[in-house]
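Breakdown of the fold
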Amino acid sequence: MSTNDIYEMDPVNDDLEGGSSSAIIEEEVVYPEEFLPTYHSIKEGATITKALLVEFNDKPDSLFFNDGVRRIDFILVYEDEDKKEFEKRHTFQRHKRRREYFEASLMEMGMELEATKSVIDDKLLFVKVHMPWDVQCTYAEVLHIKLPIQLNDQSLRPSPLRFFSCITKRFYPNEDLITKEAEFFTAPFEKDRLDLFYVRDKDVFFTASMRSRMAFYILSRAPYEIRGKIKKFGITKLLDGGVYKAAYPLHDCRFNVTSKEESCPNERFLLYEEWAHPKSFYKMQPLNLIRKYYGEKIGIYFAWLGFYTRMLALAAVVGLSCFIYGYKTQETSTWSKEVCSPDIGGNIVMCPQCDRECNYWKLNSTCEASKKLCIFDNFGTLVFAVFMSIWVTLFLEFWKRYQAELEYTWDTVEFLEQEEPPRPEYEAKCIHERKNPVTGVKELVPHTACERCVRVSIGIGTVLFWILLILASIVAIIVYRLAAFFAFSAKLRAQDLKELEPLKEYVTPQMATSVTASLISFVVIMILNILYERVAIWITDFELPRTKTDYENSLTMKMFLFQFVNYYSSCFYIAFFKGKAVGHPGDPVYLLGKYRNEECDPGGCLIELTTQLSIIMGGKAIWNNIQEVLLPWVKNLILRHCTRGASEAAIPRWEQDYRLQPLPKLGLFYEYLEMVIQFGFVTLFVASFPLAPILALVNNVFEIRVDAWKITTQFRRIVPEKAQDIGAWQPILQGIAILAVATNAMIIAFTSDMIPRLVYYWSFSVYPYGDHSNHTMQGYINSSLSVFNIDDFSNYSKPLMTPYNITTCRYRDFRYGPGHPRQYEYTIYYWHVIAAKMAFIIVVEHIVYLTKFILSYVIPDVPYAVREQIKREKYLTQVVLHETNLKLVTKRRKIVDDGTLTFGKVTLTGQEMELDF
């Protein structure tokens, strides 16, 4: 094959459905010379799979070819074109040619194929793919797969917790079913040094997940068509184009029944019984078996989710204690009593909160809302916010340590240091030459530096456009809030609305506006998520990252940036902008020159922020479960009903798996995204909602088992992938942790009413704002409400109806009253409160950040024992390799003594040099 060949992947619909039928029939496909003997010898049977077609051997649990020896490593599924309608025959002729070439390429690369018909649908054919031992060894070396060289002598030491095993064993998987495997020191596999490795049985030396990973690597790079110098390859595009209907590795058995094959490990059944079954919700996860069956990438996700859930337990206990404290003290709160008192709150007339249509109202109409506010706005919330800032640091630091242990146990310590192969989509577009800055060797790249800048710029511009679209939607929701509050104020406070009389003290205009706006915001968030998801994938595909890790990191940053703005922008608005610039009744501030800015309740906007968080968190959890669980279950149910015929026990393993749903390409990505968004709700706004950790804990306990049940029972087996850590999500979590300190400090300072109350409580000795010399909160409500003369209303904002006995009304602010030389200007108390808020933010942030820095420094990322084990493994590997080299040199010296030295393919004798090819 010429080194100047151009590699190109087909677009999804490239000539697969369109174009004239004559052009499709007459187009010649050029086959390389090295493929011609294999291809033409198979072509005699009309198609490759028909030439290799065999009958089903009546062993539904079999994982082997019909000979019972060769193990199935992958399954390809397609429809027989001979049974299609004539008008579509031309399109399927092209499919057939591509499939024949692709399968010939696989056989030329050393793979072995066998096909069989479906026992249910005679149109379907299943191509079984097997990797011989020599091919396994070759690609294990290509992929740098680490394999055992010697038993780990330190892994057999008893655990110090063995004395409590009689108690703890109930919370772990059954050791009689899932036995603990021996640990080995490992090294990257080398085909030429096979004797170095611990090979007991060639059939099980490479695990099923390793074989599937190697098989998919080959399938992703096998060519299916050549047009001149353009070479097209990869199973992904053949699936997208409809040439194949599915490609997947096999589950080893049914999830609820053990296999009848004696050699079957029944790992899927064990995972279901001890992990995915609802009865095992309280047990620890069998992470080593998960990793062995599904690969490191799935394993690290469930390890992170389980660790996060365990850490949430502590935060949930503290948050629940804070909530109980607030609930118990709501009836004893002095300022809440003043609001509800008929003598105080009942005699305070509040100014209308919108122009003309809104009426005057009594302060005690917000009695129930003020009681609810006491549950969340108390001194316990301050303590809990500081605690959560420390908790998030401990979570991240201990996760790094746990992750380091998994890296060592799962042999991924040096994964990122090894050369990760480029994606097939990247290789297919490589047409430009450049000099590798590391090796100095010329290599092909898909675009020049200028083209790459253009692609990245287009991607950044698109992301910014969608973020602006989100901000526009937030402005639209704010306008709705203003208009809805105007309508609710006119209706709910009308004297003739008798049907709402029992709910009048609960359904306030502020509450009605907050709930409806939160529901609308949630719907808008979901719609924008669906639209942006496709845009983000398109942008990342357009940028053409080199490796899969680069691709996922790029997509992760785009998706999270969008989701961050989408989910949190409404919460940021309520927390830091609503009610902050409203002016006073005589000179209100208008949005867009038309809509009067909405105000907070006399107790602040904290209760609205709590409502927004609870609706978004609850709605998101329900929506995700519908998408992740209900839809796949319904699809599988419909598919089983439509293909009902033979019982499942009589259907072969590959056909049972075909009837399951394929896992979406970015399925794991969305699982991470869901949890990281939840992590943001738990940490960024926890000062307003102490119940967030316990809600997240309950959700995650179900999430682990739901995800386990889903991938074990409803989806085909996932192609295993290697992963060292959680990737780009780690710095995202760290960024959220840093931002959470600032947001919680600002929520307490600017959103809650805690700082003004503290200033009022402690400032009597310097500035007597009220009669509270005994350090009480008596008189606080009166001091926090300014006075306004109703004659000072402008004609545009003056209420249509004014009671005859009212001359003044009150509003929430710290301004001088009418008749004062500085009428309606801020009082000195206002500036004292502002200074206290800024001082609080600075002090709390510095203390918490200093604590976080100290904890990060004191807690090492890698445990000492793991570091020692890594050093020992490296040392042992070097010793074994050195001994192997010495044996090889000794063997060659003996050959030299006989007069002949054979080295690779070069034979040296005393008289001549002969090349042996």
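To be clear, the structure that these remarks concern was listed above.
Since this is a predicted model, take the numbers as computed values, not measurements.

**Digging into the environment of isoleucine 755**
Within the secondary structure layout, isoleucine 755 lies in helix H25 (residues 754-762). Its relative accessible area of 4% is what places isoleucine 755 among the buried residues. Taking the C-alpha atoms as reference, isoleucine 755 lies 6.9 Å from alanine 836; in sequence the two are 81 residues apart. Aside from chain neighbours lying at most four places away, what touches isoleucine 755 is Ile748, Ala749, Val833, Ala836, Lys837 and Phe840.

**Here we look at the packing of aromatic side chains**
Inspection of every chain in the model, using the stated rule, returns 58 aromatic pairs. For the ring pair tyrosine 532 and phenylalanine 562, a centre distance of 3.7 Å and an interplane angle of 10° mean the geometry is stacked. Within this pair, whereas tyrosine 532 is found in helix H18 (residues 509-543), its partner phenylalanine 562 is found in helix H19 (residues 548-576), the two being separated by 30 residues in sequence. Each member of the pair tyrosine 532 and phenylalanine 562 is classed as buried.

**Describing the nonpolar core**
A general trend in soluble globular proteins is that nonpolar side chains are found buried together. In terms of nonpolar packing, the biggest core is built from 140 residues, with Trp304, Tyr308, Trp391 and Phe681 touching the most fellow members. If sequence neighbours within four positions are ignored, tryptophan 304 has contacts with Phe395, Trp399, Tyr672, Met675, Ile726 and Leu733. If you look at the next biggest cluster of nonpolar residues, it comprises 45 residues, including Leu106, Met111, Leu113 and Tyr139.

**Things to note about helix H22 (residues 667-684)**
Between its first and last C-alpha atoms H22 spans 26 Å; for 18 residues at 1.5 Å apiece the expected length is 26 Å, and the two agree. Taking burial as the measure, the 18 residues of H22 include 17 buried ones, the bulk of the element.

**Considering the pattern of salt bridges**
Two side chains of opposite charge can pair, provided their charged atoms sit close to one another. Applying the stated criterion across every chain yields a total of 26 salt bridges. The shortest N-O distance in the salt bridge between glutamate 721 and lysine 297 comes to 3.4 Å. One end of the pair, glutamate 721, is in the loop between helix H23 (692-714) and helix H24 (729-751); the other, lysine 297, is in helix H12 (residues 296-329), and 424 residues separate them in sequence. By relative accessible area, which is 24% here, glutamate 721 ends up partly exposed.

**Comments concerning the side chain of glutamate 845**
Positionally, glutamate 845 belongs in helix H27 (residues 828-858). One buried charged side chain, glutamate 845, makes no salt bridge at all; its nearest oppositely charged neighbour is lysine 852, positioned 12 Å away.

**Concerning a nonpolar patch on the surface**
Together, Ile622, Ile626, Leu630, Leu631, Trp633, Val634, Leu637 and Ile638 line one region of the surface with nonpolar side chains, adding up to about 680 Å² of accessible area. Mapping leucine 637 onto the fold places it in helix H20 (residues 606-642).

**Some details on the pairing of strand E8 (residues 223-227)**
The element E8 is extensively covered by neighbouring structure, given that four of its five residues are classed as buried. Here four bridges tie E8 to strand E9 (residues 230-233), and the two strands are oriented antiparallel to one another. Within E9, the position partnered with arginine 227 by the bridge is isoleucine 230.

**Section: the state of the cysteines**
For the coordinates displayed, the defined rule picks out two disulfides. Two residues share a disulfide in this structure: cysteine 340 and cysteine 367, whose sulfurs sit 1.9 Å from each other. Looking down the S-S bond of the cysteine 340 and cysteine 367 bridge, the torsion is 100°, so its handedness is right-handed. Here the residue cysteine 340 occupies a position in helix H13 (residues 334-340), and cysteine 367 occupies one in helix H14 (residues 367-376), the gap between them amounting to 27 residues. Through a disulfide, cysteine 351 is tied to cysteine 809; the S-S separation comes to 1.9 Å. Judged by the torsion about the S-S bond (90°), the cysteine 351/cysteine 809 disulfide is right-handed.

What counts as what
Residues numbered from 1 in each chain as written. Predicted model: local features only at pLDDT ≥ 70, side-chain atom pairs only at ≥ 80, totals over all residues. Heavy atoms only, no water. Helix = DSSP H or I, 4+ residues; strand = E, 2+ residues; numbered from the N terminus. Buried < 20%, exposed > 50% of the residue type's maximum accessible area, 1.4 Å probe, protein only. Contact = heavy atoms within 4.5 Å. Phe/Tyr/Trp six-rings, centres within 6.5 Å; stacked < 30°, edge-to-face > 60°. Core = buried A, V, L, I, M, F, W, Y, C linked by side-chain atoms within 4.5 Å. Expected span 1.5 Å × (residues − 1). Salt bridge = Lys/Arg side-chain N within 4 Å of Asp/Glu carboxyl O. Lys, Arg positive; Asp, Glu negative; His and termini not counted. Patch = residues over 30% accessible without salt bridge, like charges linked within 9 Å, V, L, I, M, F, W, Y side chains within 5 Å. Areas by Shrake-Rupley, 256 points an atom, 1.4 Å probe, with all protein chains shown as cover. Pairing = 2+ DSSP bridges. Disulfide = S-S within 2.5 Å.

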